[in-house]
Amino acid sequence: MSDHLDRRGFIKLAGIGAASMALTESEVLGAKTLNGSQAAPAGQSEESWPPGASQKRLDMIAYAHIDAVWLWPWTEAMSVVLSTFRSALDRMKSNPDFVFTESSAQFYKWVADSDPEMIQEIKQRVEEGRWNLVGGWWVEPDVNMPNGESLARHGLLGQRVFRNLFGRQAKVGFNPDSFGHTGTLPQILKLQELEDYVFMRPMEHAMHLPSDVFWWEAPDGTRALTYRIPISYNDSGALGVRVREVTALREPVKEMMVFYGAGDHGGGATDENIRSIGKIMATPGAPKLVYSTPEKYFAAIRAMKDVELPVIRGSLEHHAVGCYTAVAQVKKDNRTTEMAVTTAEKLASLGSVVWNARYPSSELQAAWEKVLFQQFHDSLAGSARPEHYVTSRHAYGYAQEVANQTIFLSLEKLAWQIPTEDPQSDYLVVFNPHAWNTELGVEYDLNWRPEVPSELTDEQGNRVAHQWGQGSTITGDRHALVFQAPLPAFGYRQFRIRKASTEGAVPSAVKASEEILENDHLRVTFSKEGTIGVFDKDAGQELFEGPTAGARAVVLNDPSDTWSHHVYSYTDDIGAFTRTDLRVLEGGPLRGCVQVRSHYGGSTLETNWLLYAGSRTLEARCTLDWHEHMKMLKLSFPVRVQEPRSTYELAFGHIELKTDGAENPGQRWIDLTGKRAGRDYGLAVINNAKYGYSVLNNDMRVSIARGAVYAHDLGTKLKPDGTYIWQDQGIQTFRMWLVPHAGSWQAAGIPRLTEEYTAPVPVLYQGIHPGSKPQSGSFLSVDVKNVVVTALKKAEEGDDLILRCYETDGRPTTATLRLGFVNREWTGKFRPLEIKTLSIPVSGEAIREVNLLEKSVS
């Protein structure tokens, strides 16, 4: 998606009208370009060049940006890819110096499927050095919202396509149009054998950098040589102005890249591009222009001596901050599908070794390809046309169905071997996909009449607290069995439900009424406005600034476009949802549930607050029916602390950011920790569907919904009487855990809790049958709390299993993995936030450390 208006600074949305968001054509044409350079003044000849220009060298990069989806469907993009690639090949025949650069494995796969002969032509040009394969990823995705495992798979599957088709890999990471770039990316790139990186957004107005060429350093210390494209990656006309602008930049190196070619809807280099390059080459005093590639450019920079480049740490933000929230459904589909597919791989990998289950390699790869394609930046960002999100739901649905089939076919293979001998009992097998012992919440509808006393036990006869609730259907005697399942690390346990031998009410350890929801640790109160208060009994203090100031559903004015171009923060509070109803849905003995209904304008919000006995987490299950336009909804949590610090989860890591109200992207959790009586205290919010957050001082907010028009760029003014398709209208659901904690978020184990809350919990009902397997088992564990296993899968080549893990807390550590499924152990040292991938032979050979491409590392 191009942004021809991207030359203006940020604004804060505070009482600004929609009309003031649009720039006039004269403002656009008169705007200065980056770093203060301008087009040649009127009357100055394009043939004249400033002193010193001839000492500069500009690598001319022919590139065709192709949006795999945006204002058109993917089917149209596929045709554009074919015609653009054909055009580039034809130009190489007519111009022996011309070279071309293109990314995205999916594009080459389309060409290979439609025109194998064209792929052979491209392969020849690749071997000649005239066609530069860049990116190495499946597509050019959003780089803030995919989780770490998705970013790993982009490189794994993308580089594999390049190797299979061309016998070589990309060396340069390449995401020029992605809207932001997570701060952990340099390590991920390095582990995908991508030493260098090219991007364009955020541009100078959104993020000042001391240089457009710099070292980008990840928290673990890994660096990538990085280049920010000045001005634009698109230019289909004469290049004299563009060359002049880049020549005028003050950079630590005298060699820069200039990208050219028609883009967004493809096209590539034009006749006018080529003529103007030849004209500049022949002009005395002009900079030296060479047809080149990003790969050649970075090699030249690395070879330079006595050049000191700045080092940049952290994420590269902020561009198009509205995209972290636009089209809520695609956000939720992405997160839930990522977690489902990785859980499926874990269970199938283990099952293939331990209980002879099938590992569906081709189906799982197809599922990943669907997920990765939907992460294309204009898709996951919510900036594509509305029809695309029907396609997207189908694609994610396909991947989720593959995951579900994989999980339950594998689990059934195991459960059938676990004996169930009492026909008067019901049996469930529950699987824990995490490498530590834990309790996971189980809700499963069974045929049971709640008035009949029941007893739930594990395989050793230990009683497990439970309760019955309303099932999802009201026909028959289906009721929801609710319990916290104590489970062994990366293993399973069988649970048995039967009629209790003795009657008698079980005392409740949780209280639920229209005033309070309370257990031994937390007391939750409900205001008439619809907000809540939380008194932390262990800390002896209120969690929020006011007695009932938490979870306020704040409505803000949001006149920005789909992307929220040039917006830094949303600060114009114009109202809030107010309570219309409250009722107690569950009263124990295991958990209580109070439902709060509220409304604003034409919208309603229904929140079920759940509190388990003995728990320090408060859950919110929310159903929003949204019917607002040009407004934003945020949930506000003003934590009662001094000196607040905000931390956001990133892909394979986290980042601490200023509490200045900026709209920031994050993964599944955000934390606000500060001081109380000189000691750390804080609140973490974990969720299953949201990516946009902000923190202003001690007010932590989660962005829930917007009401923008689909694919509305700020250059197009909306008409008061216009008919438009508005985003996020109707019902959406999401879940959150509120986790108050004394001490740091690391001490509270937030990364582990996040895995437990967002990964599916496989539960399988058993029939009555004999079996030889034990009724519980554990197959993998890690001995430290700050290392999380994110993947267990079959290797792309060979029979090894691939295990991936990373350090979560930002501190050096040594961890031991006990690999019970192969009767082995592995111990390794981790740098802060270091990712490690292991190749585990199932036949007894040595365990190898490999990179994200599953190649051995020294």
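Treat the numbers as computed from the prediction; the structure is a model and nothing was measured.

Some details on the overall build of the protein
- The helix and strand tally for the protein stands at 14 helices and 47 strands.
- With 858 residues in all, the protein has 61% of them scored as buried.
- Look at the contacts in the protein between residues 6 or more apart in sequence, and 73% of them connect residues 24 or more apart.
- In the structure as shown, the protein presents an accessible area of about 31300 Å², 49% of it carried by carbon and sulfur atoms.
- Looking at the protein, you have 89 positive and 105 negative side-chain charges, and the mean spots of the two groups are 2 Å apart.

Some details on the pairing of strand β7 (residues 213-217)
- Where burial is concerned, most of β7 is hidden: four out of the five residues are buried.
- Pairing between β7 and strand β8 (residues 223-228): five bridges, direction antiparallel. From the neighbouring strand, Phe 214 faces β8, where its bridge partner is Thr 226.
- Counted along the chain from β7 to the antiparallel partner β8, the turn is five residues long, and its residue Gly 221 has a positive phi close to 100°.
- Where β7 lies against strand β11 (residues 311-313), three bridges are found, and the strand directions are parallel.

Points about helix α5 (residues 148-166)
- Over its 19 residues, α5 runs 27 Å from end to end, which matches the ideal 27 Å to within 8%, given 1.5 Å per residue.
- Burial of α5 is extensive: 16 of the 19 residues sit out of reach of the surface.
- Its side-chain oxygen 3.2 Å from the backbone nitrogen of Glu 149, Asn 147 forms the N-cap of α5.

Re the sheet that holds strand β41 (residues 780-782)
- Ordered by their spatial adjacency, three strands build an open sheet running β41-β44-β45, and the pairing between neighbours is antiparallel. Taken across any chain shown, the strands that pair with only one partner, and hence form the sheet edges, are β41 and β45 (824-830). On average, each strand axis in the sheet is inclined to that of its neighbour by 15°, with strand direction left out of account.
- Judged from the three bridges that link them, β41 and strand β44 (residues 813-819) form a sheet pairing that is antiparallel.

What to know about the environment of Pro 589
- Relative to the assigned elements, Pro 589 resides in the loop between β26 (578-587) and β27 (591-600).
- Spatially, the C-alpha atom of Pro 589 lies 6.3 Å from that of Pro 507, the residues being 82 residues apart in sequence.
- Apart from the residues within four sequence positions on either side, Pro 589 is in contact with His 466, Gln 467, Val 506, Pro 507, Ser 508, Ala 509, Val 510 and Ala 613.

Topic: the state of the cysteines
- Inspection of every chain in the model, using the stated rule, returns zero disulfides.
- Unpaired in this structure, Cys 622 has its nearest cysteine sulfur neighbour in Cys 593, at a distance of 11 Å.

As for the environment of Leu 347
- Position of Leu 347 among the secondary structure elements: in helix α10 (residues 328-354).
- In this structure Leu 347 comes out as buried when scored by relative accessible area, which is 0%.
- If near-sequence neighbours (up to four positions away) are discounted, Leu 347 is found in contact with Trp 355, Ile 407, Ser 410, Leu 411, Phe 431 and Pro 762.

Quick look at the layout of surface pockets
- Taken as a whole, the largest pocket encloses approximately 1400 Å³ of empty space.
- The wall of the largest pocket is formed by 41 residues, among which Gly 441, Arg 735, Glu 756, Tyr 757 and Val 761 lie closest to the centre.
- Within the residue set of the lining of the largest pocket, elements represented by two or more residues are α10, α13 (388-415), β13 (438-447), β28 (603-612), β29 (618-626), β38 (730-742) and α14 (750-758).
- Broken down by class, the residue content of the lining of the largest pocket amounts to 22 nonpolar, eleven polar and eight charged.

A few points about the environment of Ser 379
- In this structure, Ser 379 sits in helix α12 (residues 377-380).
- Here Ser 379 falls in the buried class, since its relative accessible area comes to 0%.
- The contacts of Ser 379, once residues within four sequence positions are left out, are Val 69, Val 330, Gln 374, His 388 and Tyr 389.

Here's the deal with the packing of aromatic side chains
- On inspection of all chains with the given rule, the structure shows 36 aromatic pairs.
- Here the aromatic rings of Phe 100 and Trp 131 are separated by 4.9 Å at their centres, their planes lie at 70°, and the arrangement is edge-to-face. Placement of Phe 100 in strand β3 (residues 100-102) and of Trp 131 in strand β4 (residues 131-133) is noted, with a sequence separation of 31 residues between them.
- Relative accessible area serves as the criterion here: at 1%, Phe 100 is assigned to the buried category.
- The class of Trp 131 is buried, set by a relative accessible area of 2%.
- Centre to centre, the rings of Tyr 297 and Phe 298 are 5.6 Å apart; their planes meet at 70°, and the pair counts as edge-to-face.
- For Tyr 297, a relative accessible area of 0% translates into the label buried.
- A cation over a ring is seen here: Arg 676 above Tyr 681, with NZ or CZ 4.1 Å from the ring centre.
- The residue whose ring lies beneath Lys 690 is Phe 734, and the NZ or CZ to ring-centre distance is 5.0 Å.

Regarding unusual backbone geometry
- Cis geometry is found at the peptide bond from Arg 201 to Pro 202, where omega equals 5°.
- Relative to the helices and strands, Pro 202 is located in the loop between β6 (196-199) and β7.
- A cis geometry characterises the amide bond from Gly 588 onward to Pro 589, with omega recorded as 10°.
- Here Phe 490, not a glycine, exhibits a phi torsion of approximately 40°, which is positive.
- By the element assignment, Phe 490 lies in the loop between β16 (478-487) and β17 (491-499).

Let's talk about the confidence of the model for the protein
- Model confidence for the protein is summarised by a mean pLDDT of 93, while 94% of its residues fall at 70 or above.
- Across residues 2-45, where pLDDT falls below 50, the model places 106 contacts with residues more than four positions away in sequence or in other chains.

Some points on the nonpolar core
- Ile 122, Trp 131, Tyr 260, Leu 803 and Phe 821 are the most contacted members of the largest nonpolar core, which totals 171 residues.
- In terms of residue count, α13 provides more of this core than any other element does, nine residues in total.
- One finds Ile 532, Cys 622, Val 685 and Val 695 within the second-largest nonpolar core, a separate group that totals 48 residues.

Overview of empty space enclosed by the protein
- In the structure shown here, the tally under the stated rule is six cavities of 30 Å³ or more.
- In this structure, the largest cavity occupies an estimated 210 Å³ of space.
- Broken down by secondary-structure element, the contributors of at least two residues to the lining of the largest cavity are α5, α10, β31 (642-650) and β42 (787-794).
- Examining the composition of the lining of the largest cavity, we find that four residues originate from one element, α10, more than from any other.
- Across the lining of the largest cavity, the residue classes break down as seven nonpolar, six polar and five charged.
- Computed from the structure, the second largest cavity encloses a volume of approximately 130 Å³.
- Every residue lining the second largest cavity is counted, 18 residues in all, and those nearest its centre are Gly 530, Ala 551, Ala 553, Leu 605 and Thr 607.
- Of all elements in the fold, only β23 (552-557), β26, β27, β28 and β29 reach the threshold of two or more residues within the lining of the second largest cavity.
- Sort the elements by how many residues they give to the lining of the second largest cavity and β28 lands first, with three residues.
- Grouping the amino acids of the lining of the second largest cavity by side-chain chemistry returns ten nonpolar, five polar and three charged.

Thoughts on the sheet that holds β42
- With antiparallel pairing, four strands are arranged side by side in an open sheet as β42-β43-β46-β47. A strand with exactly one partner marks an edge of an open sheet, and here the two such strands are β42 and β47 (848-850). In this sheet, neighbouring strand axes are inclined to one another by 30° on average, regardless of whether the strands run parallel or antiparallel.
- By the bridge criterion, six bridges tie strand β43 (residues 801-807) to strand β46 (residues 835-840) in an arrangement that is antiparallel.

As for the pattern of salt bridges
- This model, assessed by the stated rule, comprises 60 salt bridges.
- One salt bridge in this structure joins Arg 616 and Asp 538, with 2.6 Å as the shortest N-O distance. Within this pair, whereas Arg 616 is found in the loop between β28 and β29, its partner Asp 538 is found in the loop between β21 (532-536) and β22 (541-542), the two being separated by 78 residues in sequence.
- For Lys 793, the salt bridge goes to Glu 796, with nearest N and O atoms at 2.9 Å.
- The exposure class assigned to Glu 796 is partly exposed, which follows from its relative accessible area of 24%.
- Within this structure, Glu 443, Glu 586, Arg 591, Glu 619, Arg 621 and Arg 735 form a network of salt bridges that share partners.

Rules used throughout
- Residues numbered from 1 in each chain as written.
- Predicted model: local features only at pLDDT ≥ 70, side-chain atom pairs only at ≥ 80, totals over all residues.
- Heavy atoms only, no water.
- Helix = DSSP H or I, 4+ residues; strand = E, 2+ residues; numbered from the N terminus.
- Buried < 20%, exposed > 50% of the residue type's maximum accessible area, 1.4 Å probe, protein only.
- Contact = heavy atoms within 4.5 Å.
- Areas by Shrake-Rupley, 256 points an atom, 1.4 Å probe, with all protein chains shown as cover.
- Lys, Arg positive; Asp, Glu negative; His and termini not counted.
- Charge placed at Lys NZ, Arg CZ, Asp CG, Glu CD.
- Pairing = 2+ DSSP bridges.
- Expected span 1.5 Å × (residues − 1).
- Polar contact = N/O pair within 3.5 Å; in protein donor to acceptor, adjacent residues only side chain to side chain.
- Axes fitted to C-alpha atoms, helices over the stretch in contact; angles between N-to-C directions.
- Disulfide = S-S within 2.5 Å.
- 1 Å grid on protein atoms, 1.4 Å probe; cavity = no way out; pocket = protein on both sides within 12 Å on 5 of 7 lines; lining within 4 Å.
- Points joined across faces, edges and corners; volume = space filled by probe spheres on them.
- Nonpolar A, V, L, I, M, F, W, Y, C, P; charged D, E, K, R; others polar.
- Phe/Tyr/Trp six-rings, centres within 6.5 Å; stacked < 30°, edge-to-face > 60°.
- Lys NZ or Arg CZ within 6 Å of the ring centre and 35° of its normal.
- pLDDT = per-residue confidence, 0-100.
- Core = buried A, V, L, I, M, F, W, Y, C linked by side-chain atoms within 4.5 Å.
- Salt bridge = Lys/Arg side-chain N within 4 Å of Asp/Glu carboxyl O.

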